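Observations on the model geometry
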Amino acid sequence: MAAAAAAGGGGGGRPGLAELPGELLELILCCGVLGAADIGRVACTCRRLRDACQPRGKVWRECFRLRWPSLLKYYSHTDGVSWLEEYKARHNAGLEAQRIVASFSKRFFSEHVPCDGFSDIETLGCPSHFFEDELMCILNMEGRKGLTWKYYAKKILYFLRQQNILKNLKEYLQRPTDQQSFLEGAVLIDQYCNPLSDICLKGVQAQVDDITDKVRKVLRTKNPRHPSLASKAGEVLIPEVELQRQVLDAMNCVLYEQLKYKGNELDYYNSLNSYIHQVLIRRTGIPISLSVLYLTIARQLGVKLEPVNFPSHFLLRWCQGKEGSTDIFDYTYIDAFGKGKQLTVKECEYLIGHHVTEEFYGVVTSKEVLQRMVGNLLNLGKRESTDQSYQLLRDSLDLYLAMYPDNVQHLMLQARLYFHLGIWPEKVLDILQHIQALDPSQHGAVGYLVQHTLEHIERRKEEVGPEVKHRSDEKHKEVCFSIGLIMKHKRYGYNCVIYGWDPACMMGHEWIRNMNVHSLPHGPHQPFYNVLVEDGSCRYAAQENLEYNSEPREIPHPDIGRYFSEFTGVHYLANTELEIRYPEDLELTRATARKIYSSGKE
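Nothing here was measured: the structure is a model prediction, and the numbers come from that model.

Thoughts on the pattern of salt bridges
Per the stated rule, a full pass over the model turns up 23 salt bridges. One salt bridge in this structure joins R144 and E554, with 3.4 Å as the shortest N-O distance. A residue pair is termed long-range when its members are at least 10 positions apart, and R144 in the loop between α8 (128-139) and α9 (147-174) and E554 in the loop between β11 (546-548) and α22 (560-563) qualify at 410 residues. Given the relative accessible area of 40%, R144 is considered partly exposed. As a salt-bridge pair, E349 and K346 come within 3.7 Å of each other at their nearest N and O atoms. Taken together, the positions of E349 and K346, both in helix α15 (residues 345-352) and three residues apart, correspond to about one turn of that helix. Taking the relative accessible area as the measure of exposure, K346 reaches 48% and is therefore partly exposed. Several salt bridges share partner residues, and in doing so they unite K304, E306, R317 and E323 into one network.

See the structure below:
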């Protein structure tokens with residue numbers, strides 16, 4: 001009735017909505033105060049307002065934009081879009097995403113999400129960007145609540161984006177070599193290892209273009225008529241060596257003197273050095289990542305540089321003789337890691353400290369460049385000790401096997417890794433079957449892993465449900481601490497949160513011996529606690545080594561949302577699945593927090 005009255009006029013001679021000028025009516029309806037349901041009701045009042053709120057019009061477009069602003073980039077202004085239908089589709093995709101995220105904790109709490117755990121996501125009937133947008137909305141929820149939703153939303157988004165990037169990488173590798181940009185390949189690797197970051201080729205290219213423009217400014221002061229200053233520079237290579245030299249000198253001036261780019265000698269083995277977007281942000285990297293940036297800028301200015309897969313130190317080569325020469329002495333070699341220094345063959349050998357054969361001075365393809373970049377990440381992934389999920393190693397193995405799917409060595413490494421982590425046993429069997437078909441000589445190692453993987457699958461089938469631990473049981477009377485409390489380790493000083501406990505040490509004799517547990521006053525015959533540590537590790541700590549943390553704070557652990565739904569300010573609240581396993585802990589945790597932190601933080 002109120003809507004109808006507003007449409008027809010409010011009495012006293014005042015015009016109703018339907019009687020207002022069109023532009024003013026649109027302005028009111030687009031003000032952001034009215035929600036989708038309000039606009040729907042307004043459209044039902046009369047023909048004039050129905051026309052004003054027509055599905056393809058400005059009102060529904062603005063309603064869509066205000067609700068999901070990041071999605072407008074998927075539409076052009078000329079599209080004949082039904083914004084009402086798009087709104088409904090995005091709304092339904094959001095409900096579906098919430099349903100799937102909510103189901104993950106119950107389905108996968110006691111194990112890693114299996115390889116087929118995302119199957120219902122892959123067959124979604126809604127546009128993938130709608131689904132991803134809802135996942136981002138969950139991840140960006142403010143406050144310390146919804147931790148479990150955020151945990152699984154992140155896993156799902158990670159999977160979806162990596163699948164899409166892998167598809168783009170395979171398409172890239174199928175192109176002719178002359179259509180494979182080194183920069184695009186580097187971006188694809190970066191995106192796959194950092195799927196939740198906002199990295200795109202267009203954005204990275206814009207930053208490279210900005211550096212190229214700075215080089216042109218320097219070049220203009222040296223040679224105002226240089227061909228690299230022309231509007232179509234880069235489309236045609238500059239033949240004169242002296243003009244090429246001027247470009248390289250200007251590049252070195254801008255990159256290393258003005259912008260202070262340098263090789264990261266102090267933190268060489270940091271994975272950030274391999275990611276092109278981080279190289280541009282931090283202005284430092286390793287030889288191969290700096291070389292990709294260097295040769296991309298040179299090519300945009302009409303100078304052809306070629307990548308050289310030199311051992312231990314990636315280089316570029318610049319032809320000084322006849323183009324396409326096979327004589328290694330017809331080239332000058334450029335060290336992008338060493339501020340663009342130009343080297344002779346002999347100086348290249350001094351760089352690494354030993355003689356190498358001519359084959360190592362030859363040019364390599366874009367695929368071989370990516371192989372070396374991924375190989376660097378693989379080695380870093382093997383070195384990482386604090387990341388117990390080995391995410392970098394898993395990601396780099398995925399990338400390597402996307403390029404070389406029949407590489408037995410890396411297939412075996414992947415199978416062993418999944419076996420070690422106790423995840424995806426069905427996928428382990430598939431990998432092992434593929435290895436056996438490729439190389440029957442591997443039957444010994446394959447047979448061992450197959451046997452133990454099958455045993456793992458059988459044990460999982462025999463599991464009858466979660467073990468429930470009641471504090472009131474007599475055997476648990478010595479357990480002093482409870483789930484969700486923020487603790488401090490007395491000996492090592494680390495901060496952590498309890499996510500599980502046992503009335504006595506449940507580890508094997510070898511672990512007890514290696515950890516010297518018998519040297520503790522109470523030895524293994526005391527409660528032990530599973531804790532998530534602030535450095536990202538998971539540990540098993542004796543009760544006598546733990547104490548309440550006088551200054552509790554959030555624990556930045558990647559698995560925090562797997563076990564907890566909220567951080568109250570002084571302790572964590574167990575999520576539904578963890579609470580089922582420890583049904584009497586929450587009351588004690590709250591009572592303990594009130595007693596210890598009586599300052600009113602909670």
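A few points about the nonpolar core
Residues L169, I211, M251, Y261, Y294, I297 and L305 are the most contacted members of the largest nonpolar core, which totals 85 residues. With nine residues, helix α12 (residues 241-258) is the largest single contributor of residues to this core. With near-sequence residues (within four places) excluded, Y294 lies in contact with L248, M251, N252, L255, Y256, L305, L316, I334, A336 and G340. Counting residues in each nonpolar core, the second largest holds 29 residues, with V531, V533, A541 and A574 among its members.

Some remarks on the packing of aromatic side chains
This model, assessed by the stated rule, comprises 24 aromatic pairs. Between F64 and Y75 the ring centres are 5.8 Å apart and the planes differ by 85°, which places this aromatic pair in the edge-to-face class. Here F64 is found in helix α5 (residues 58-67), whereas its partner Y75 is found in the loop between α5 and α6 (83-108), with 11 residues between them in sequence. By the burial criterion, F64 is buried, and Y75 matches it. Plain terms: the ring middles of Y499 and Y563 are 4.4 Å apart, the flat faces sit at 35° to each other, and that makes the pair tilted. Of this pair, Y499 sits in strand β8 (residues 495-502) while Y563 sits in helix α22, and the two are 64 residues apart along the sequence. Y563 shares its class with Y499; the two are buried. Pairwise contacts between aromatic rings join W60, F64, W68, Y75, W83, Y87 and F130 into one cluster. The positively charged end of R383 is found above the aromatic ring belonging to Y269, 4.1 Å away from the centroid.

So, the environment of F131
Considering the arrangement of structural elements, one finds F131 in helix α8. Taking the relative accessible area as the measure of exposure, F131 reaches 0% and is therefore buried. Remark: the alpha-carbon pair of F131 and L157, spanning 26 residues in sequence, is separated by 9.0 Å. Apart from residues lying up to four places away in sequence, F131 is in contact with A93, E96, A97, I100, I121, L124, C126, I156 and L160.

Looking at the UniProt feature "domain: Hemimethylated DNA-binding" (unreviewed entry) in the protein chain
Under the local residue numbering, the UniProt record ascribes the feature "domain: Hemimethylated DNA-binding" (unreviewed entry) to residues 478-575. Between the C-alpha atoms that bound residues 478-575 the distance is 24 Å, and the span itself is 10% helix and 34% strand.

Comments concerning the pairing of strand β4 (residues 315-319)
Taken residue by residue, a regular strand's side chains alternate between the two faces of the sheet. Burial runs high along β4: five of the five residues are buried. The alternating pattern of β4 places L315, R317 and C319 and L316 and W318 on opposite faces, both of which are buried. The pairing of strand β3 (residues 306-308) with β4 spans three bridges and is antiparallel. Directly across from P307, in β4, lies its bridge partner L316. Pairing of β4 with strand β5 (residues 331-335), which is carried by four bridges, proceeds in the antiparallel orientation.

Description of the packing of helix α11 (residues 201-222) against α12
Two numbers describe how α11 lies on α12: the axes approach to 9 Å, and their chain directions differ by 120°. Classified by the interaxial angle, the pair formed by α11 and α12 is oblique. The two elements α11 and α12 meet at a crossing, and its hand is right-handed. Between α11 and α12, the residues in contact are I211, K214, V215, V218 and L219 and Q246, V247, A250, M251, C253, V254, L255 and Q258, respectively.

Notes on the state of the cysteines
Taken as a whole and assessed by the stated rule, the structure comprises zero disulfides. Lacking any disulfide linkage, C46 is separated from the closest cysteine sulfur, that of C53, by 9.1 Å. Looking at the unpaired C348, the closest cysteine sulfur is the one in C319, lying at 15 Å.

Cut-offs and rules
- Residues numbered from 1 in each chain as written.
- Predicted model: local features only at pLDDT ≥ 70, side-chain atom pairs only at ≥ 80, totals over all residues.
- Heavy atoms only, no water.
- Salt bridge = Lys/Arg side-chain N within 4 Å of Asp/Glu carboxyl O.
- Helix = DSSP H or I, 4+ residues; strand = E, 2+ residues; numbered from the N terminus.
- Buried < 20%, exposed > 50% of the residue type's maximum accessible area, 1.4 Å probe, protein only.
- Core = buried A, V, L, I, M, F, W, Y, C linked by side-chain atoms within 4.5 Å.
- Contact = heavy atoms within 4.5 Å.
- Phe/Tyr/Trp six-rings, centres within 6.5 Å; stacked < 30°, edge-to-face > 60°.
- Lys NZ or Arg CZ within 6 Å of the ring centre and 35° of its normal.
- UniProt positions renumbered as here; feature names shortened; annotations may be inferred.
- Pairing = 2+ DSSP bridges.
- Axes fitted to C-alpha atoms, helices over the stretch in contact; angles between N-to-C directions.
- Parallel < 35°, antiparallel > 145°, perpendicular 65-115°, else oblique.
- Left-handed = near helix turned anticlockwise from the far one by under 90°.
- Disulfide = S-S within 2.5 Å.

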